[in-house]
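So you can see what is in the structure, the chains are spelled out below.
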Amino acid sequence: MCPPTGLYGPEGILPARRTLRPQGKGRWQQLWETPTLLWEAPLLGLDTAQGLELLSLLGTVLALGALLTRQLRHPLVYLLLWAAYLSVCQVGQVFLYFQWDSLLLETGFLAMLVAPLGLPPNHKQAPQGRPGGVSPHEGLPFWLVRWLLFRLMFASGVVKLTSRCPAWWGLTALTYHYETQCLPTPAAWFAHHLPVWLHKLSVVATFLIEIAVPPLFFAPVRRLRLAAFYSQVLLQVLIILTGNYNFFNLLTLVLTTALLDDTHLAAKSSTSRRKRMPSSWPKALLAMLTLLLELAVYGLLACGMVHYFGLEVDWEQHVVRSRTMFTFHQLSQWLKTVTLPTMWLGAASLAWELLTALWRWVQVRGSLRKLCAAVQLSVFGTATVALFLISLVPYSYMEPSSHGRLWTGAHRLFSTVEHLQLANSYGLFRRMTGLGGRPEVVLEGSYDGHQWTEIEFMYKPGNLSRPPPIVVPHQPRLDWQMWFAALGPHTHSPWFTSLVLRLLQGKEPVIRLVQNHVPSYPFHQQPPTYVRAQLYKYWFSHPWEQGQWWRRQWVEEFFPSVSLGDPALDMLLRQFGLQDKSPPRAGGSSNTLSQALHWVRKQLSPLEAPALLWGLLGAVGAIKVMQALLGPQSLPRTKEEKHKPAPQEDSVAASKQASPAPNISSGSQTPRRKKSP
């Protein structure tokens, strides 16, 4: 889809062309220091904003194509998608400074490694039970996905405590979170009114899922990994139900699929499950020891939660009481103890994956296939080790002493590619804000400076009787930044002054960010003469307040009343460097490509982003259902092909190997892991 011109267009809040100004450097040096394909937009007769639109449209088409057709699930396609989003982030400025943007970039690069990369066809039989088209290196990229998921979840849990936020330490964070988060959903209102003891118990469960469970991602016992998978899924689904966090939770759910295996994904009958029961006493003993290990892990997790959070059941009040039983000093000592061991845990797990890949390579038959597999394993193995070393640097940020003890080569490698965002540090929901009520900025406009009309946004809280929206997987970037702006003075958010200027000028692209249906904007016929902003405190309404979702209280003036030509407004624009008088880099308005982009923008502008996104996803889902329904029609053909006589020269070789490997055909049809994350 097209990026909002109200954000990055020539008349937007932060024009993208301001970020790309040639510095007199060489072409390749300029591209390396600021890696964006938008440097090449003038070659197509486009300015920076039009180049953004072109990249977004091409990325959308490629992404949808990869969902629909197996042929487009190629490393080159995912490389183009990663490069396109990296290019957009380079000019996104404050509107793309979110951790999930970094997570999407890191995941996108891993998708290029996960994408299918097969071996040449083999005319010889593969070992029994071993699919012939499997690449030995296929487990390495999936291991990187698990390592990324571990870093994301473990760091997000740890920083909640290292931030010394009293709400997290007092286990009361969720009593504030549901109403103070940026864009709550209607379900957040109901969750907010749950009992306090349940909120505190939910915080304990959050620490369990984010800190204690992630090491199980690398557990050798399969059922422990599955338990870790379902716990992560539970957490993400609950966040989706109660908060509009765009694509973040959906992307995290995709990452959790790396914890699954083909056996769990495949539909197995009860007969096949009985066949897997151990038939000899050594296997039965191993199964029993595995079960005891599982029970020991679950018991350790339960005892740890009871001990560290003082869980007690009050049978009289029918509640579960909880409180933090450790100090910040004890936490710091624990973190110093476990940070380096978790890195060594990752290194040991990676070493096992490399040995497994090497063993698979030994089993490859055929000289050409063995050579190709060796090249692929060398390239992917080197890339996996390099990405692991790079990721250790941002991962160690949560514990400074461990960061300083890292191998200097890892630091040098990370500093070389840091601007490519191949590995990032994470720490979501570090501190709870709005403990005394969520601060909310309300814009107002007037024609005479006396009678003021509130300017209501589409998604963020404003009207007290309007229910919270559901906008997943869309992220209204302006509404999100309005939430951040309310946390401090307007001078901490320079873009806000530019927003006020564009509203005074009546720029339609910016108006569509506030109200996509322009007639719903109170000043759609004539721009306001004056604009100001007020700061309120918002709370969810009480259950007995009928017809209202919110209640609020005025706090202070957030932005003074200004008009066009006002010296105070001009001073702020100069102070923040927002008086952009530079001409566009390319004025190709008559260019055929720019005209096509203008036509597409005109068609898409009236559509609300959430509806458009769900429409595209619904269309993809419908097509996939049709493909699934029509797919079985191809099964008879495969059976017929299985009974076709082999070519003359292959039949001799097949007859020689018929007796030692009579079931090769069934082995080659073993379901494999899907190759798109």
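Remember, predicted model here, so these are calculated numbers, not experimental data.

A. The overall build of the chain, seen in detail. From N to C terminus, the chain includes 28 helices and six strands. Burial status across the chain gives 46% buried among its 677 residues. Look at the contacts in the chain between residues 6 or more apart in sequence, and 75% of them connect residues 24 or more apart. Surface summary for the chain: the accessible area is close to 33,900 Å², and the carbon and sulfur share equals 63%.

B. Spotlight on the pattern of salt bridges. All chains considered together, the criterion is met by 18 salt bridges. A salt bridge links Glu440 to Arg438; the shortest N-O distance between them is 3.0 Å. In terms of burial, Glu440 and Arg438 fall into one category: buried. Close ionic contact of Arg552 with Glu454 constitutes a salt bridge, the shortest N to O distance being 2.6 Å. Highlighted residues: Arg552 in strand S6 (residues 550-562) and Glu454 in strand S4 (residues 453-455), separated in sequence by 98 residues. Of the residues examined, Glu454 reaches a relative accessible area of 32% and is grouped as partly exposed. A network of salt bridges, in which partner residues are shared, links Arg438, Glu440 and Lys460.

C. Region of the structure containing the packing of helix H11 (residues 222-242) against helix H15 (residues 281-309). At a minimum axis separation of 9 Å, H11 and H15 run at an interaxial angle of 35°. Contacts between H11 and H15 involve Arg223, Leu224 and Ala227 from the former and Thr290, Leu291, Glu294, Val297 and Tyr298 from the latter. A class-by-class count of the residues in the contact of H11 with H15 yields five nonpolar, one polar and two charged.

D. Region of the structure containing the side chain of Ser446. With respect to the helices and strands, Ser446 occurs in strand S3 (residues 438-446). Classification of Ser446 as buried rests on a relative accessible area of 1%. In this structure, Ser446 is in contact with Gln451, Trp452, Phe523, Pro528, Thr529 and Tyr530, ignoring residues within four places of it in sequence.

E. Representation of the UniProt feature "transmembrane region" (unreviewed entry) in the chain within the structure. Using the residue numbers shown here, the UniProt feature "transmembrane region" (unreviewed entry) corresponds to residues 49-69, 76-96, 140-159, 197-217, 285-309, 343-362 and 374-397. What you have in residues 285-309 is 100% helix and 0% strand, and the ends, taken at the C-alpha atoms, are 36 Å apart.

F. Representation of the packing of aromatic side chains. Scanning the entire structure with this criterion turns up 41 aromatic pairs. A ring pair is formed by Phe154 and Trp334, whose centres lie 6.4 Å apart and whose planes are at 45°; its orientation type is tilted. Here the residue Phe154 occupies a position in helix H6 (residues 139-162), and Trp334 occupies one in helix H16 (residues 328-362), the gap between them amounting to 180 residues. Geometrically, the ring pair formed by Tyr447 and Phe523 is edge-to-face, given 5.4 Å between the ring centres and 75° between the ring planes. On the criterion of sequence distance, the pair formed by Tyr447 in the loop between S3 and S4 and Phe523 in the loop between helix H22 (508-514) and strand S5 (530-540) is long-range, its members being 76 residues apart. Of the residues examined, Tyr447 reaches a relative accessible area of 41% and is grouped as partly exposed. The class for Phe523 is buried, based on a relative accessible area of 4%. Here the aromatic residues Phe98, Trp100, Tyr245, Phe248, Phe429, Trp480, Trp483 and Phe484 are joined through ring pairs into a cluster of three or more. A cation sits over an aromatic face here: Lys160 above Trp168, 5.3 Å from the ring centre. A cation sits over an aromatic face here: Arg164 above Phe328, 3.7 Å from the ring centre.

G. Summary view of the nonpolar core. Ranked by internal contacts, the top residues of the largest apolar core, which has 155 residues, are Ile13, Leu443, Leu478, Trp495, Phe496 and Leu499. Discounting chain neighbours no more than four positions away, the residues touching Leu499 are Ile13, Leu443, Leu478, Met482 and Val510.

H. Structural context of the sheet that holds S5. Judged by pairing direction, the sheet is antiparallel, and its four strands sit side by side in the order S4-S3-S5-S6 without closing on themselves. Of all strands in the sheet, those bounded by a partner on one side alone are S4 and S6. When the angles between neighbouring strand axes are averaged without regard to direction, this sheet yields 35°. Where S5 lies against S6, nine bridges are found, and the strand directions are antiparallel. Following the sheet pairing, Tyr536 is matched in S6 by Trp554. Of the strands in this sheet, S3, S5 and S6 touch helix H8 (residues 173-180), which is tilted by about 140° from S5.

I. The arrangement of the environment of Leu7 in detail. Secondary-structure assignment places Leu7 in helix H1 (residues 5-8). A relative accessible area of 2% means that Leu7 is categorised as buried. The spacing of Leu7 and Trp495 is 488 residues in sequence and 9.9 Å in space, taken between C-alpha atoms.

J. Broad picture of helix H20 (residues 477-485). When you tally the buried positions in H20, you get eight out of nine residues, the bulk of the element. All of the buried residues along H20 are Arg477, Leu478, Asp479, Trp480, Gln481, Met482, Trp483 and Ala485.

K. Highlighting unusual backbone geometry. In this chain, Val472 is followed by Pro473 through a cis amide linkage whose omega measures 5°. Structurally, Pro473 is set in the loop between S4 and H20. Despite not being glycine, Arg164 has its phi angle at roughly 60°, a positive value. Mapped onto the elements of the fold, Arg164 is located in the loop between H6 and helix H7 (166-169). Arg164 sits in the exposed class, given a relative accessible area of 54%.

L. Representation of the packing of H6 against H16 in the model. The geometry of H6 relative to H16 is characterised by a closest axis approach of 11 Å and an angle of 175° between their N-to-C directions. Overall, the two elements H6 and H16 adopt an arrangement that is roughly antiparallel. Classifying every residue of the contact of H6 with H16 by side-chain character gives 15 nonpolar, five polar and three charged.

M. Region of interest: the confidence of the model for the chain. Per-residue confidence for the chain gives a mean pLDDT of 87; residues scoring 70 or more make up 87%. Counting interchain partners and residues more than four positions distant, the pLDDT-below-50 stretch residues 123-132 has 20 contacts. Counted against residues more than four places away or in other chains, residues 634-677, with its pLDDT under 50, gives 35 contacts.

N. Broad picture of the environment of Phe380. Relative to the helices and strands, Phe380 resides in helix H17 (residues 367-395). Taking the C-alpha atoms as reference points, Phe380 and Val114, 266 residues apart in sequence, are found 10.0 Å from one another.

O. Representation of the side chain of Arg502 within the structure. Relative to the elements of secondary structure, Arg502 occurs in helix H21 (residues 495-505). At 6.7 Å, Glu11 is the nearest oppositely charged side chain to Arg502, a buried residue that forms no salt bridge. In terms of polar contacts, Arg502 uses its side chain to reach the side chain of Gln505, at 3.0 Å. Beyond its immediate chain neighbours, meaning those up to four positions away, Arg502 contacts Pro10, Glu11, Gly12, Pro15, Lys507 and Val510.

About the cut-offs
- Residues numbered from 1 in each chain as written.
- Predicted model: local features only at pLDDT ≥ 70, side-chain atom pairs only at ≥ 80, totals over all residues.
- Heavy atoms only, no water.
- Helix = DSSP H or I, 4+ residues; strand = E, 2+ residues; numbered from the N terminus.
- Buried < 20%, exposed > 50% of the residue type's maximum accessible area, 1.4 Å probe, protein only.
- Contact = heavy atoms within 4.5 Å.
- Areas by Shrake-Rupley, 256 points an atom, 1.4 Å probe, with all protein chains shown as cover.
- Salt bridge = Lys/Arg side-chain N within 4 Å of Asp/Glu carboxyl O.
- Axes fitted to C-alpha atoms, helices over the stretch in contact; angles between N-to-C directions.
- Nonpolar A, V, L, I, M, F, W, Y, C, P; charged D, E, K, R; others polar.
- UniProt positions renumbered as here; feature names shortened; annotations may be inferred.
- Phe/Tyr/Trp six-rings, centres within 6.5 Å; stacked < 30°, edge-to-face > 60°.
- Lys NZ or Arg CZ within 6 Å of the ring centre and 35° of its normal.
- Core = buried A, V, L, I, M, F, W, Y, C linked by side-chain atoms within 4.5 Å.
- Pairing = 2+ DSSP bridges.
- Parallel < 35°, antiparallel > 145°, perpendicular 65-115°, else oblique.
- pLDDT = per-residue confidence, 0-100.
- Lys, Arg positive; Asp, Glu negative; His and termini not counted.
- Polar contact = N/O pair within 3.5 Å; in protein donor to acceptor, adjacent residues only side chain to side chain.

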